[in-house]
Amino acid sequence: MSQQLHPLIFDGHNDVLLKLYRAGGVSAAKSFLTGCPGAVDVPSAKAGGFAGGFFAVYVPSPTDLTLKFEEMTKPEYQLVLPDAIDWADAAPVVMAQTAILFEMERIGALKICRTVADIRAAMAAGVMAAIYHIEGAEGIDADLHTLDVLHQAGLRSIGPVWSRPTIFGEGVPFRYPSGPDIGGGLTEAGVRLVKRCNELKIMLDLSHLNEAGFWDVAQLSDAPLVATHSNAHVICPHSRNLTDKQLAAIRESDGMVGLNFAVAFLRDDGKMLADVPLTQMLRHLDHLIEQVGEDRVGLGSDYDGAVVPEDVTSCAGLPALRAAMVEHGYGESLVAKLCHENWLRVLEKTWGA
Ligand SMILES: [Zn+2]
């Protein structure tokens, strides 16, 4: 078994904050330092060469996750889009999860990074680098006052929607097989959100956005187009994956795609079943690289938010993925780009130096 811990991996998406929120909130933060159930914590990150990434604040819908994953083991499925969540209900959850992130920093488990220089410094110091990210903008009001406040608090990335409607746009429902063209484009508030994020240099994450919304952002935004955790639709025709036409737009904007480890978006059959070989992840990487180029692909694990392949169930398994990349014939410089360099590149382009 390879013990290769380099190049360090900087990752496009994890749901650690949701995990700790469900495990007791701020008081659960210390378990992240010493070891907690799930895919990401400090000991497993050290064991696997995981340097950090986007830490998502996510307001859960009141649906049973187990039931949802069970439905997604069928040959075809069409999950119903959960109801919208009001700002008044979402904001306290956003505050609670953000408080967990601050507590994690306070106890020395990670560093909240506001610039790429912060990320590089944390990586050099061996401290986990965290980007404060919001997945689904339910916690942002139509006047965008919350956005301004959270930006001051360190927010540097936001997905206007999770797979659910917001006042800004519509998320793509979990469907297989299906294209992503389901529902309408950005609302008037969504247009203002995109413009304000551009002004504040907050990265916009398009991973859960439906296709109409994707093209609205493509037209409006002056930043590179980024999907932090999505895969190739041509290999796995899931509504959550990106078509070649979308990938062409990402390439054109000099943006970025992070490979999602969630098995339902990796497997040809779209099933949420974990017996997926690492070679299937390489098939997606090959296609993404072919479509958007070597400088615009990275990783977006979805750790602690999805069922992932059995060889990489936690950060500690990441050396196996590096080894698979090398075995597949990826050279040293490409592996470094995929592991972290491309994320730093696109963030520098989005946030400024
Ligand atoms: Zn997601």
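Above this text is the structure in question.
Because the structure is a prediction, the values reported are computed rather than measured.

Trainee: Help me understand the coordination of the zinc ion, please; the structure alone is not making it clear to me.
Mentor: Metal coordination angles in their ideal form are 109.5 degrees for the four-donor tetrahedron and 90 or 180 degrees for the six-donor octahedron. Coordination of the zinc ion by the protein involves Glu135 (OE), His208 (NE2) and His229 (NE2), with metal-donor separations of 2.1 to 2.2 Å. Within one chain, the residues donating to the zinc ion are spaced in sequence as E-x72-H-x20-H. With Glu135 in strand 5 (residues 129–135) and His229 in the loop between strand 9 (226–227) and helix 10 (244–252), the pair connects residues that are 94 residues apart, well separated along the chain. Residue Glu135 is classed as buried on the basis of its relative accessible area, which comes to 4%.

Trainee: What's the story with unusual backbone geometry in this structure? I'm lost.
Mentor: In this chain, His6 is followed by Pro7 through a cis amide linkage whose omega measures -5 degrees. Here Pro7 shows up in the segment before strand 1 (9–14). In this model, Tyr176 is joined to Pro177 through a cis peptide bond whose omega is -10 degrees. With respect to the helices and strands, the residue Pro177 is situated in the loop between strand 7 (175–176) and helix 8 (188–200). Of note, the phi angle at Lys201 is positive, near 60 degrees, even though the residue is not glycine.

Trainee: Quick question: what am I supposed to make of the environment of Ala223 here?
Mentor: Topologically, Ala223 is positioned in the loop between helix 9 (211–220) and strand 9. Taking the C-alpha atoms as reference points, Ala223 and Leu321, separated by 98 residues in sequence, lie 30 Å from one another. Residues contacting Ala223, with those up to four places away along its chain left out, are Asn198 and Thr350.

Criteria and cut-off values
- Residues numbered from 1 in each chain as written.
- Predicted model: local features only at pLDDT ≥ 70, side-chain atom pairs only at ≥ 80, totals over all residues.
- Heavy atoms only, no water.
- Donors = N, O, S within 2.8 Å, 3.2 Å for Na, K, Ca; no water.
- Helix = DSSP H or I, 4+ residues; strand = E, 2+ residues; numbered from the N terminus.
- Buried < 20%, exposed > 50% of the residue type's maximum accessible area, 1.4 Å probe, protein only.
- Contact = heavy atoms within 4.5 Å.

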